[in-house]
Structures are given as structure tokens and as C-alpha cells.
Amino acid sequence: MRMPIILFAFGAFALPANAMAQSPELENTCKSVAKSFFMADQLAIGTVQSFPELKPPGVRMSYSTRQGTAPAEMTDIFECEFDKADKPHNLVRFCVSSTCYSPNVDDGDRKRRFDEMRILLNRAEK
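Now for a look at the structure at hand. (Residues numbered from 1 in each chain as written. Predicted model: local features only at pLDDT ≥ 70, side-chain atom pairs only at ≥ 80, totals over all residues. Heavy atoms only, no water.)

Some details on the pattern of salt bridges
The condition is simple: Any Lys or Arg side-chain nitrogen located within 4 Å of an Asp or Glu carboxyl oxygen qualifies as a salt bridge. Secondary structure elements are taken from DSSP: a helix is a run of H or I of four residues or more, a strand is a run of E of two residues or more, and numbering for both begins at the N terminus. Categorising residues by exposure relies on relative accessible area from a 1.4 Å probe, with only protein chains included: less than 20% of the type maximum marks a residue as buried, more than 50% marks it as exposed, and the intermediate range marks it as partly exposed.
Under the criterion given, the structure shown has five salt bridges. Across the pair Asp115 and Lys111 runs a salt bridge whose closest N-O atoms are separated by 3.1 Å. Of this pair, Asp115 and Lys111 are both found in helix H3 (residues 108-124), four residues apart, which corresponds to roughly one turn of the helix. Residue Lys111 is classed as partly exposed on the basis of its relative accessible area, which comes to 32%.

Here it is in C-alpha cells:
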């Protein structure tokens, strides 16, 4: 009787991070923001974590701009924060590695990139 319980417990922890996604809709929206930011139709995505229960709701994912990169080799991180977990999500902030973009940032170029991503997301969610 113990063997099935042990195997089930082991199997639950062995699932890839993507299989235990909290909010596929939020994750897809963040992937869309990342593709728009990098101006790429394809973006290699590794581990994805979403947090719809946080305020603000958010997504963190590893990525690579090189196709064919193994998820274990992806060290770059893309993060998104939204004003709510339901559509329209309304982008509040996003970060590429340690550089963040928001409407409140002092750097004019970063503020403009944020505004561009928010506009593209709003267009896509209409």
C-alpha cells in the first residue's frame, strides 16, 4: 500500500514547472509582451511561474532569444506585472533581467518602451 503513495508523491514533484501553471492566461499575456519587446515571432521559453493571487498579479519566466536553447541553459528572466488577473490585464510593469520598465521610471527611453508594450497589449486584447 505504501508503494503507490510514494510513487504518486514522487510523480507530483517530478512534473515540469509548466505543468503546474497557476494562470495560463496570464502566462500567455506575458509571453506576448516578451515577444513584442524582442520583436520576435518565436521566443524560447523555459520555466514559467505565475502568481494571479498576488497584488499585482505577475509572471516570471526564463527565456532565450536563440531557438533550440535547452530550458536548463536559460538564465535570462522576463517578468510581467498586471493590474488584475483577468482580461484585459493592463500591463503595470515588466522587467528584462534587472532592467525594469514602467510608467513611473525616470529614464525616458524605458518609459517609452513601456508605453509601446502597453499599447501593443491593449490592441491585442481588444
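Picking up after the structure, the text goes on.
A closer look at the sheet that holds strand E2 (residues 58-64)
The condition is simple: Being paired, for any two strands, means DSSP has found at least two bridges between them. Each axis is a line fitted through C-alpha atoms, and for a helix only the stretch in contact is used; angles between axes span 0 to 180 degrees, taken between their N-to-C directions. Here, two residues are considered to be in contact whenever any of their heavy atoms come within 4.5 Å of each other.
Overall, antiparallel pairing links the five strands, which are arranged E1-E2-E3-E4-E5 in an open sheet. One side of each edge strand has no neighbouring strand; the edge strands of this open sheet are strand E1 (44-51) and strand E5 (99-101). For this sheet, the mean inter-axis angle between neighbouring strands, taken without regard to orientation, is 15°. The sheet contacts of helix H2 (residues 24-38) involve E1, E2, strand E3 (76-82), strand E4 (91-96) and E5, and relative to E3 the element is tilted by about 120°.

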